[in-house]
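A structural walkthrough
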Amino acid sequence: MSAVGNRRSRDLGAAGIARRGSCIAHFGDPTGEALAAREGDAVFDLQHLALIAVEGADAQAFLQGQLTNDLGEVDANRAQPSAWCSSKGRVLTCFLIFLHRGCLLLQLPATLLETALKGMRMYVLRAAVTLEDVSQSWARMGAVGDRAESRLRELFGELPERTLAVRSNNDVTIIRVPGARPRYEIVGAHEAVASLWNGCREVAAAAGADAWELLDIDAGIASIAPETRDAFVPQMINLDRIGAVSFTKGCYVGQEIVARTQHLGRIKRRMYRARWSGSSHIGPGSTLDATAEPAPARIQIVNAGPVAGGGVDVLAVLPIEVAGRAPDTGLVLSDGTRLVLQTLPYPLEEEPV
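The structure reproduced in this document is the subject of the present report.

Reading the values: the criteria
- Residues numbered from 1 in each chain as written.
- Predicted model: local features only at pLDDT ≥ 70, side-chain atom pairs only at ≥ 80, totals over all residues.
- Heavy atoms only, no water.
- Axes fitted to C-alpha atoms, helices over the stretch in contact; angles between N-to-C directions.
- Helix = DSSP H or I, 4+ residues; strand = E, 2+ residues; numbered from the N terminus.
- Parallel < 35°, antiparallel > 145°, perpendicular 65-115°, else oblique.
- Left-handed = near helix turned anticlockwise from the far one by under 90°.
- Contact = heavy atoms within 4.5 Å.
- Buried < 20%, exposed > 50% of the residue type's maximum accessible area, 1.4 Å probe, protein only.
- Pairing = 2+ DSSP bridges.

1. What about the packing of helix α4 (residues 146–156) against helix α5 (residues 190–200)?
In the contact formed by α4 and α5, the axes pass within 9 Å of each other and the chain directions differ by 135 degrees. In terms of their interaxial angle, α4 and α5 are classed as oblique. α5 is crossed by α4, and the crossing has right-handed handedness. Along the contact surface, α4 presents Ala 148, Arg 151, Leu 152 and Leu 155, while α5 presents Leu 196, Gly 199 and Cys 200.

Here it is in structure tokens:
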């Protein structure tokens, strides 16, 4: 079933749809969809994102002992980014956490759903808590742009105004997600979300996961993939900079390593937004080698998406020292391509080098 919940919904039966696994990568025009996402108006099929429902008397206490953020700050009006780490403090997956119809939902990449469910259930023991995949129970869509926002307001009513703010009715929950322009995630009953999709399509282009992920790159929001699972401590992918880590909440899995990194050590590598001039395939887990001074540097790709006109926009982890000395013309890589660093929408604390 489609993420917008209705096979009769406009576009979902159209020719040219490109699928990646069970999700819609694009609707046949990846360049146009990316342009609409970044400069115009677009609505997005978000079935590349899965949902885990966490229920039971011990649900909040259980998650408080598992995740990097303070679950006490999640309520009907506020969503929260967070992460689940290994005992070594490495990120296994990132979540967007919110309430829908009174139930705690964890949103994560569908490619990590089964692994996350299996792993987290091992910690349940005697706690009164259940974790279930509810991805098919609720439809998901996204929207971006001024006209899409206006149409949503006409169809739904008052929208959340601040980043991570939430508005809900009986059928639909809408979350304002980070972005330079109005951007929303919508979760709810299939028919209700399909109605919003069809209404927004009158003013916005249909787009798939690839265009949505470009907006996440623009926002500096990392998405962990199977290839990057257990590769980074939270600070390396800037989770501390987007409010996804609490350093006061107490213990959780991997907390000792995360806290030591923050308070006792110096973070030597950070995630940067950049454009790579190459044309070959690159994706999560790929590496690039910079011929930087004083020594060559290994660059790890977190997320990547091709852009119109050539090149690839990436979120990449590299040494802070190397990034600090990168020229405006970009880092020269061993294959002759360049990696030009771009501005993130949030500040990175200045680290001594």
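Further notes follow.
2. Examining unusual backbone geometry
Its identity as a non-glycine residue notwithstanding, Asp 230 has a phi of 70 degrees, on the positive side. Here Asp 230 is to be found in the loop between α6 (209–218) and α7 (255–263). Even without being glycine, Asn 238 reaches a positive phi, approximately 65 degrees. Note on placement: Asn 238 falls in the loop between α6 and α7.

3. With respect to the pairing of strand β15 (residues 287–290)
A one-sided burial pattern is seen for β15, the buried positions being Leu 288 and Ala 290 and the unburied ones Thr 287 and Asp 289. Relative to strand β16 (residues 297–306), β15 runs antiparallel, the two sharing four bridges. Within the sheet, the bridge partner assigned to Ala 290 lies in β16 and is Ala 297.

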